[in-house]
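Reading the structure
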Amino acid sequence: MTTPFPPTFLWGGAIAANQAEGAWLADGKGWSISDVRRYNAGLDRKKLDAERVMTEAKLADAHADDGTRFYPKRHGIDFYHQFTDDLDLMQEMGFSVFRTSIAWTRIFPRGDEAEPNEAGLAYYDRLFDAARERGMTVFATLHHNEMPLALVEEYGGWINRQVVDFYLRFVETVYRRYADQVGYWLPFNEINAANFNPFHGVGLVIDRWDNPVQAAYQGVHHQFVANARAIRLARQLVPGTPVGGMIARFTTYPATCRPEDVLQMTQDDQYNNFFYTDVMARGTYPAYMNRFFSERGIEVEMADGDAELLKENVVDFLAFSYYMSIVSSAEDAGEKTNANLITGGRNPHLPSSEWGWQIDPVGLRYSLNQLYDRYQLPLFIAENGLGAMDEVTADGKIHDDYRIDYFRQHAIQMGEALRDGVDLIGYTWWGPIDIISAGTSEMSKRYGFIHVDQDDLGEGSLTRRRKDSFFYVRDVMTSNGERLEAR
Ligand code: BGP
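These figures come from a predicted structure and were not determined experimentally.

1. Re the overall build of the protein chain
When its secondary structure is counted, the protein chain shows 16 helices and 14 strands. Taking all 487 residues of the protein chain together, 62% fall into the buried category. Considering only contacts in the protein chain between residues 6 or more positions apart, those separated by 24 or more positions represent 76%. Summed over all atoms, the accessible surface of the protein chain reaches about 17500 Å², with 49% contributed by carbon and sulfur. Between the averaged position of the 48 positive side-chain charges in the protein chain and that of its 70 negative side-chain charges there is a distance of 2 Å.

Shown next, in the form of structure tokens:
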């Protein structure tokens, strides 16, 4: 079978600093918002909305606890100290791209300093050199649920426009430092997350705001401005290096063929997805958002020059995360299911993960065609993966056929999208090594092809083990998809 994947196609994996590195205060790093995300042993995986909300009381608890047991992102999987061994394993799988974030608080611990923290800069020099020495292009995310906590507690997070300048100081510092080491820049991970997890997205503490929805959209506008300024700065400091925009892709289908359900799907698509990619790729707020805002009494404050800034600085490529799909219904009827960042209608035609996320490989092909038809920009799947409970057998094996099947089915659909003419340039599996869950701070929600011996409370040897999926994925990536069908 001739593979549909071009020789330039980038295969690899994605992590985020706050979910893997640990070393939460090492070498001058400051507190980030992920360091106050508690693991709740009693959490109900079907009711995660409450988990996502950050309150003053939860913040106070986190400040009072200087341990790491119930704040798993403080220790991660100790990637900070073990990254060379982990990158060896990724190289063995044939990765040609490695996506990670640069933790803002390693570079500017509080976020408002004038000068950067050299020890933090030196760490990413070592990490990026190690990845490149192993044949991987570095795909660097600059904002991934890890803004400085001081900017939240003392400035009000992204709702305060002053944070835009602090962020651009961080961006300029890392552009200058890593100009020759980074192949793809991504200023914001899932810029649409702000309306589904406002603390991760814009640093919003819910009981500080009379109108948190209004506040979140104001924070998003400031991120659009920051994104456009980061693009403009890239043309000066790292010319020729692509800068992308990313959303969490909430693929949705109408509950029935009733026109009202189809209209609901269209509006969900507009409000949850296209609003953000339209601004980043077309450079303007789409007209349909005027009605959305006015019907909800939302007034986004824009400064003189913002419209021109957005129009003149649009992304070079679009990235998105894709895990699952959901269902839209006009009456908001039918059974619900938990999904990435949101709760949506359950699709009776699809299986679910143990966390309720509906597994939909064909939806990936559909999403790729939809996004490419709309923008004709190169596309990059920056996250795709299956979180599951893995079991280690007595002889130390992990037989994760379910993960092999998830990867295989989605890779097949990527190949179909390429045959459809979609300009898909790369794919990074989310969590190639087991890391801490973003939404629940669980360790037991495992995505990796590499198992890490650690439980939800941080107990374990941190030993790394190759799962069955490690070998299958290695064969697919090193053959550039030729051996995709083999099972
Ligand atoms: C995305 C985040 C990632 C990742 C993923 C899986 O929204 O960008 O950080 O964690 O979700 O979510 P979780 O880890 O909660 O299973």
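2. Observations concerning the side chain of Asn347
Positionally, Asn347 belongs in the loop between β10 (343-345) and α14 (361-375). For Asn347, a relative accessible area of 8% gives the class buried.

3. Regarding the packing of aromatic side chains
Counting across every chain of the model gives 49 aromatic pairs. Seen in terms of ring centroids, Phe224 and Tyr276 are 6.1 Å apart; in terms of plane orientation they differ by 45 degrees. Their pairing is tilted. With Phe224 in helix α10 (residues 212-237) and Tyr276 in helix α11 (residues 259-282), this pair connects stretches of sequence that are 52 residues apart. Summarising the burial analysis for this pair, Phe224 and Tyr276 share the class buried. Between Tyr323 and Trp357, the ring centres sit 5.4 Å apart and the planes meet at 75 degrees, which makes this aromatic pair edge-to-face. Here Tyr323 is found in the loop between β7 (317-321) and β8 (325-328), whereas its partner Trp357 is found in the loop between β10 and α14, with 34 residues between them in sequence. Judged by relative accessible area, Tyr323 falls into the buried class, the value being 5%. Given the relative accessible area of 10%, Trp357 is considered buried. An aromatic cluster of three or more residues is present, and its members are Phe5, Phe9, Trp11, Tyr406, Phe407, Tyr427, Trp429, Phe449 and Tyr472.

4. Section: the pattern of salt bridges
Counted under the stated rule, the structure contains 36 salt bridges. A salt bridge links Arg258 to Glu260; the shortest N-O distance between them is 3.6 Å. Judged by its relative accessible area of 42%, Glu260 is partly exposed. Between Asp400 and Arg403 there is a salt bridge; the shortest N-O distance is 2.8 Å.

5. Description of the sheet that holds strand β4 (residues 184-186)
Pairing is parallel across the open sheet formed by eight strands, whose spatial order is β4-β3-β2-β1-β12-β11-β7-β5. Single-partner strands in this sheet number two, and they are β4 and β5 (244-248). On average, adjacent strands in this sheet sit at an angle of 20 degrees to one another, irrespective of strand direction. Judged from the five bridges that link them, strand β2 (residues 97-101) and strand β3 (residues 137-141) form a sheet pairing that is parallel. Note that in β3 the partner of Arg99 across the bridge is Phe139.

6. Some remarks on the site of the ligand
The environment of the ligand is made up of 15 residues, and the closest members are Gln19, Glu190, Ala438, Lys445 and Tyr447. Contact distances for the ligand include 3.1 Å between an oxygen atom and a side-chain N or O atom of Asn189. Contact distances for the ligand include 2.5 Å between an oxygen atom and a side-chain N or O atom of Tyr447. Summarising the interface, the protein chains cover 98% of the accessible area of the ligand, which totals 370 Å² for the free molecule. For the shell around the ligand, the residue count by class is six nonpolar, six polar and three charged.

7. Focus: the side chain of Arg106
Mapped onto the fold, Arg106 is located in helix α5 (residues 104-107). In terms of polar contacts, Arg106 uses its side chain to reach the backbone carbonyl oxygen of Gly22, at 2.9 Å. Once residues lying within four places of it in the same chain are set aside, the contact partners of Arg106 are Glu21, Gly22, Ala23, Ala26, Lys29, Tyr80, Asn117, Gly120, Tyr123 and Tyr124.

8. Notes on the pairing of strand β12 (residues 424-430)
For β12, the buried fraction is high: seven of the seven residues fall into the buried class. Of the pairings in the sheet, the one linking strand β1 (residues 10-14) to β12 comprises five bridges and is parallel in character. Within β12, the residue paired with Ala14 across the bridge is Trp430. The pairing of strand β11 (residues 379-383) with β12 spans three bridges and is classified as parallel. Note on β12: the bridge partner recorded for Phe380 is Gly426. With respect to chirality, the unit in which β11 leads through helix α15 (residues 401-419) into the neighbouring parallel β12 is right-handed.

9. Structural notes on unusual backbone geometry
Positive phi outside glycine occurs at Leu341, with the angle close to 75 degrees. Take Leu341: it is sitting in the loop between β9 (336-338) and β10. Accessibility expressed as a relative area gives 12% for Leu341, which makes it buried. Non-glycine residue Ser441 carries a positive phi angle of around 60 degrees. With respect to the element layout, Ser441 can be found in the loop between β12 and β13 (450-452).

10. A few points about the environment of Leu341
A sequence separation of 35 residues divides Leu341 from Asp306, and the C-alpha atoms of the two residues are 29 Å apart. In this structure, Leu341 is in contact with Arg52, Glu190, Ala193, Phe196, Asn197, Ala248 and Phe250, ignoring residues within four places of it in sequence.

11. A few points about the environment of Tyr447
Relative to the helices and strands, Tyr447 is located in the loop between β12 and β13. If we ignore the near neighbours within four places in the chain, the residues touching Tyr447 are Tyr323, Trp357, Gly385, Leu386, Gly387, Arg403, Trp429, Trp430, Gly431, Asp434 and Lys467.

12. What about the packing of helix α8 (residues 162-178) against α10?
Contact geometry for α8 and α10: axes closest at 10 Å, N-to-C directions at 30 degrees. When the axes of α8 and α10 are compared, the pair comes out roughly parallel. Crossing of α8 over α10 shows right-handed handedness. Here Val164, Asp165, Tyr167, Leu168, Val171, Glu172, Tyr175 and Arg176 of α8 come into contact with α10, specifically with His222, Val225, Ala226, Arg229, Ala230, Ile231, Leu233, Ala234 and Leu237. Of the residues belonging to the contact of α8 with α10, the class tally is twelve nonpolar, one polar and four charged.

Analysis parameters
Residues numbered from 1 in each chain as written. Predicted model: local features only at pLDDT ≥ 70, side-chain atom pairs only at ≥ 80, totals over all residues. Heavy atoms only, no water. Helix = DSSP H or I, 4+ residues; strand = E, 2+ residues; numbered from the N terminus. Buried < 20%, exposed > 50% of the residue type's maximum accessible area, 1.4 Å probe, protein only. Contact = heavy atoms within 4.5 Å. Areas by Shrake-Rupley, 256 points an atom, 1.4 Å probe, with all protein chains shown as cover. Lys, Arg positive; Asp, Glu negative; His and termini not counted. Charge placed at Lys NZ, Arg CZ, Asp CG, Glu CD. Phe/Tyr/Trp six-rings, centres within 6.5 Å; stacked < 30°, edge-to-face > 60°. Salt bridge = Lys/Arg side-chain N within 4 Å of Asp/Glu carboxyl O. Pairing = 2+ DSSP bridges. Axes fitted to C-alpha atoms, helices over the stretch in contact; angles between N-to-C directions. Near = heavy atom within 4 Å. Polar contact = N/O pair within 3.5 Å; in protein donor to acceptor, adjacent residues only side chain to side chain. Nonpolar A, V, L, I, M, F, W, Y, C, P; charged D, E, K, R; others polar. Right-handed = clockwise from strand over helix to strand, strands pointing away. Parallel < 35°, antiparallel > 145°, perpendicular 65-115°, else oblique. Left-handed = near helix turned anticlockwise from the far one by under 90°.

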